Amino acid sequence: MTNSEQERWSRVKGRLRSTVGEDVYTSWFARMDLEAVQDESVHLSVPTRFLKSWIQAHYAERVLSCWQAEMPEVHRIDLSVRSAMRCATPVKEAPVAVEARRAERGDAKPANAETRMAAAASLATSHDALGGSPLDPRLTFASFVVGRANTLAHAAARQVADGRRGDPVMFNPLYIHAGVGLGKTHLLQAVTWAGNAGGERKVLYLTAEKFMYGFVAALKSQTALAFKEALRGIDVLVIDDLQFLQGKSTQAEFCHTLNALIDAGRQVVIAADRPPSDLESLDDRVRSRLAGGLVVEMATLGEDLRLGILKSRVAAARAHHASFDVPEPVLDYLARSITHNGRDLEGAINRLLAHSKLNNQPVTLDMAEREVRDLVRPQEPKRIKIEDIQRVVARQYNVSRSDLLSSRRTANVVRPRQVAMYLAKTLTLRSLPEIGRRFGGRDHTTVLHAVRKIEGLVGKDTALNEEVESLKRQLQD
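*Asks:* I would appreciate a short explanation of the packing of aromatic side chains in the present structure.
*Replies:* Aromatic rings considered in pairs are described by the distance between their centres and by the relative angle of their planes. In the structure shown here, the tally under the stated rule is three aromatic pairs. A centroid spacing of 5.8 Å and a plane angle of 90° characterise the contact between F211 and F254, whose relative ring orientation is edge-to-face. With F211 in helix α10 (residues 208-220) and F254 in helix α12 (residues 248-263), this pair connects stretches of sequence that are 43 residues apart. On the basis of relative accessible area, F211 is assigned to the buried category, the value being 1%. The exposure class assigned to F254 is buried, which follows from its relative accessible area of 2%.

Shown next as structure tokens:
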């Protein structure tokens, strides 16, 4: 770079700083470098794809105008990422082209073939450029099998994906919760693929881990303001595995982002393995905001739905292995025996496919029983909720649930409350502080006292012991 180019670049940065202000300049442009000036183009670079994407979308015109103040012949800004670590997607990224002045003069050139190809590939590149988590191309609405357990969740996700920019948001946030392997991630990625395919909206899919990593990295690189602005410019923000969100500062930033997007009418879609009220690590404000949208539970897979998933996976495998076939009796056996989750069903099909192809043998019932025997698990015990415990105990002792949550200290309320707290500690995985919070905001020491009290009494009081065992059977049946 010549001295004259360096001086010119310094003047351009000065103009840019005056135009956007010191804070924005420091967040976005302090680490932008001049690579070269060629004919009518200026080549600039930044250290991250995240910065590149945001500057492209929001400041390209300003950068161009600042350069044109120094060099009127400049009509194009090319922005690249300095890092050698590039996206593995084999599609060349489109350059940043700003040609408004030419268009005004009527001599703008038509888009070339490379630009058209890049536009067609924008679905694959734009999501990655925004720092999104990796997307699996198989997880679309077309491959999602709908059944009684997930009908409402699928319909709500489909409604979000089919929306357009500017449409009123029907429910916000959409919060989907379910156990492992029941289709949460499939639905969230399907929303992302379908939402971005329309081209009107920016849909960003992030795992909670990626959100935390992005925020911490932005703090370390002093681009936190840019990170916040980028997230709040998204039309649909999709967050997966929210139960893994940790750290006070990260949770605070998530809360601010959630509020900013919802208040601006942008859509938020979230998935977790439990309802908002059970996310003990999250701040009360976040739980309250999450519960204010549409909360949908995806239930365990019924046998009909498991059979549908198996047939779908066999059809997908047959697209690559035309001779692969699984007889109906084998499918029925798998649907009846593998009840844990959808991933086990897919694993079973993969095992049958591998065995059939590698050993050149047809799939039989005997072979299926042998190959998937470790996937046939005993039925898991029923998942008991604190609300269920409170309801059953209240009915047993002829008090109301509100009595259990109240501050009343009469004998006919204290003992049932202590029993309910004891059952909550022994039959659920909830912590003492969480149980206290669910019993009218009590301190964890109150819960500990109740648990120890009942533990001491059931060993001495036969009638109480029988009552507690009866309550346990009612809850577990």
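Next, the rest of the story.
*Asks:* Looking at this structure, I do not really get the pattern of salt bridges. What am I missing?
*Replies:* Any two side chains of opposite charge can pair if their charged atoms end up close together. Counted according to the given criterion, the structure contains 18 salt bridges. Note that R158 is salt-bridged to D162, the shortest N-O span being 3.2 Å. R158 gets classed as partly exposed once you look at its relative accessible area, which sits at 30%. Of the charged contacts, one joins R274 and D273 as a salt bridge, the two residues approaching to 2.8 Å between their closest N and O atoms. A residue is classified by how much of its surface remains accessible, and R274, at 23% relative accessible area, is partly exposed.

*Asks:* Quick question: what am I supposed to make of helix α20 (residues 411-427) here?
*Replies:* Residue pairs three or four apart in sequence face the same way in an α-helix, which turns once every 3.6 residues. The terminal C-alpha atoms of α20, which comprises 17 residues, lie 24 Å apart, in line with the 24 Å expected from a rise of 1.5 Å per residue. Among the 17 residues of α20, 12 are classified as buried, and the element is accordingly described as predominantly covered. Every buried residue of α20 is accounted for by V413, V414, P416, R417, Q418, V419, A420, M421, Y422, L423, A424 and L427. On its buried side, α20 packs onto α18 (386-397), α19 (401-405), α21 (432-438), α22 (444-458) and α23 (462-476).

*Asks:* How should I be thinking about the packing of α12 against helix α13 (residues 284-291) in this particular structure?
*Replies:* The geometry of a pair of packed helices is captured by two quantities: the angle between their axes and the separation between those axes. The contact between α12 and α13 brings their axes to 10 Å, and the two run at 35°. Both α12 and α13 take part in a crossing whose hand is left-handed. Packed against α12, whose contacting residues are Q251, F254, C255, L258, N259, I262 and D263, the element α13 presents R285, V286, R289 and L290 at the interface.

*Asks:* Help me understand the packing of α18 against α20 in this model?
*Replies:* Running from N to C, α18 and α20 point in directions that differ by 145°, and their axes come no closer than 9 Å. Where α18 crosses over α20, the handedness of that crossing is right-handed. Across the interface between the two elements, I386, I389, V393 and Y397 from α18 touch P416, V419, A420, L423 and A424 from α20. Taken together, the residues of the contact of α18 with α20 sort by class into nine nonpolar, no polar and no charged.

*Asks:* What is the right way to read unusual backbone geometry from this model?
*Replies:* Residues other than glycine predominantly adopt negative phi, and peptide bonds predominantly adopt the trans conformation. A cis amide bond links N172 to the next residue, P173, at an omega of 0°. On the secondary structure map, P173 appears in the loop between α8 (151-161) and β4 (174-177). The backbone of N360 shows a phi angle near 55°, a positive value even though the residue is not glycine. Secondary-structure assignment places N360 in the loop between α16 (342-359) and α17 (365-371). For N360, a relative accessible area of 70% translates into the label exposed.

Rules and cut-offs
Residues numbered from 1 in each chain as written. Predicted model: local features only at pLDDT ≥ 70, side-chain atom pairs only at ≥ 80, totals over all residues. Heavy atoms only, no water. Phe/Tyr/Trp six-rings, centres within 6.5 Å; stacked < 30°, edge-to-face > 60°. Helix = DSSP H or I, 4+ residues; strand = E, 2+ residues; numbered from the N terminus. Buried < 20%, exposed > 50% of the residue type's maximum accessible area, 1.4 Å probe, protein only. Salt bridge = Lys/Arg side-chain N within 4 Å of Asp/Glu carboxyl O. Expected span 1.5 Å × (residues − 1). Contact = heavy atoms within 4.5 Å. Axes fitted to C-alpha atoms, helices over the stretch in contact; angles between N-to-C directions. Left-handed = near helix turned anticlockwise from the far one by under 90°. Nonpolar A, V, L, I, M, F, W, Y, C, P; charged D, E, K, R; others polar.

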